[in-house]
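Structural overview
Residues per chain, in single letters:
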Amino acid sequence: MRIALLLGTLALGLSACSVTVRPNLGLQGSGSNLITSLRPDRGEGSTYAVGESVRFVVSTRAAGYVTLIALQGSEASTIARNVYVPAGTTVFPRAQDNQVYTVGTPRGLQRVRAIFTRVRPTSDLVLRGTYDEGRWNATSTAYLQPYAVEDRDVQETYLYIR
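To keep things clear, this report deals only with the structure shown in the data block. Bear in mind that the values here come from a model prediction, so they are computed numbers and not experimental data. (Residues numbered from 1 in each chain as written. Predicted model: local features only at pLDDT ≥ 70, side-chain atom pairs only at ≥ 80, totals over all residues. Heavy atoms only, no water.)

**Details of helix 2 (residues 133–144)**
Between its first and last C-alpha, helix 2 extends 17 Å over 12 residues, near the 16 Å set by a 1.5 Å rise per residue. Residues of helix 2 that are buried: Trp136, Asn137, Ser140, Thr141, Tyr143 and Leu144. Around the axis of helix 2, the buried residues are gathered within 165 degrees of arc, so they sit on the same side. As for helix 2, its buried residues are in contact with strand 5 (64–72), strand 6 (75–85), strand 9 (108–117) and strand 11 (152–161). You can read the cap of helix 2 off the contacts: a side-chain oxygen lies 3.2 Å from the backbone nitrogen of glycine 134, and it is on aspartate 132. (Helix = DSSP H or I, 4+ residues; strand = E, 2+ residues; numbered from the N terminus. Expected span 1.5 Å × (residues − 1). Buried < 20%, exposed > 50% of the residue type's maximum accessible area, 1.4 Å probe, protein only. Arc of directions from axis to C-beta. Contact = heavy atoms within 4.5 Å. Polar contact = N/O pair within 3.5 Å; in protein donor to acceptor, adjacent residues only side chain to side chain.)

This is the structure we're talking about:
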């Protein structure tokens with residue numbers, strides 16, 4: 001009787017839970033494990049209102065250069081370009097950047113990708129305009145191609161805008 005009551009309570013409790021699964025989003029160039037963490041300041045999957053500020057925490061195993069790009073709906077943009085970071089944790093925007101990242105429309109899911117190279121990139125990645133999933137991934141992949149696999153990494157995080 002106690003076991004049945006316990007199992008019934010457990011089933012009832014679990015039926016009220018929702019589970020969110022983030023699939024592999026087709027990142028190419030990842031795997032060297034140079035970026036150990038990428039997340040918004042409130043944590044991955046957190047919610048921000050339009051007009052609020054957001055910061056991104058990037059942790060790396062080695063010194064190098066970080067580019068942050070964002071995909072919000074079908075609009076892509078470059079947040080930070082070829083910024084030198086020491087090994088360890090860097091919060092964007094940095095104090096010396098003299099800027100604030102303010103959340104804007106459209107509402108919904110925003111994906112942010114950190115692209116890391118050990119050597120200074122020979123080109124700038126500038127995103128503006130409309131991107132679908134294929135173009136978003138192809139652009140990141142093409143940008144990383146000139147660099148050795150062990151000298152590059154890419155990671156992605158996300159947040160919601162309400």
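**With respect to the sheet that holds strand 1 (residues 35–40)**
Two pairing modes exist for strands in a sheet, parallel and antiparallel, and in both the strands are linked by backbone hydrogen bonds. If you walk across this open sheet you meet the 3 strands as 1-4-7, and the pairing is antiparallel. Strands with a single pairing partner mark the edges of an open sheet, and in this sheet they are strand 1 and strand 7 (88–92). Direction aside, neighbouring strands of the sheet carry axes that sit 15 degrees apart on average. Sheet analysis places strand 1 next to strand 4 (residues 56–60), joined by 5 bridges and oriented antiparallel. Following the sheet pairing, proline 40 is matched in strand 4 by phenylalanine 56. (Pairing = 2+ DSSP bridges. Axes fitted to C-alpha atoms, helices over the stretch in contact; angles between N-to-C directions.)

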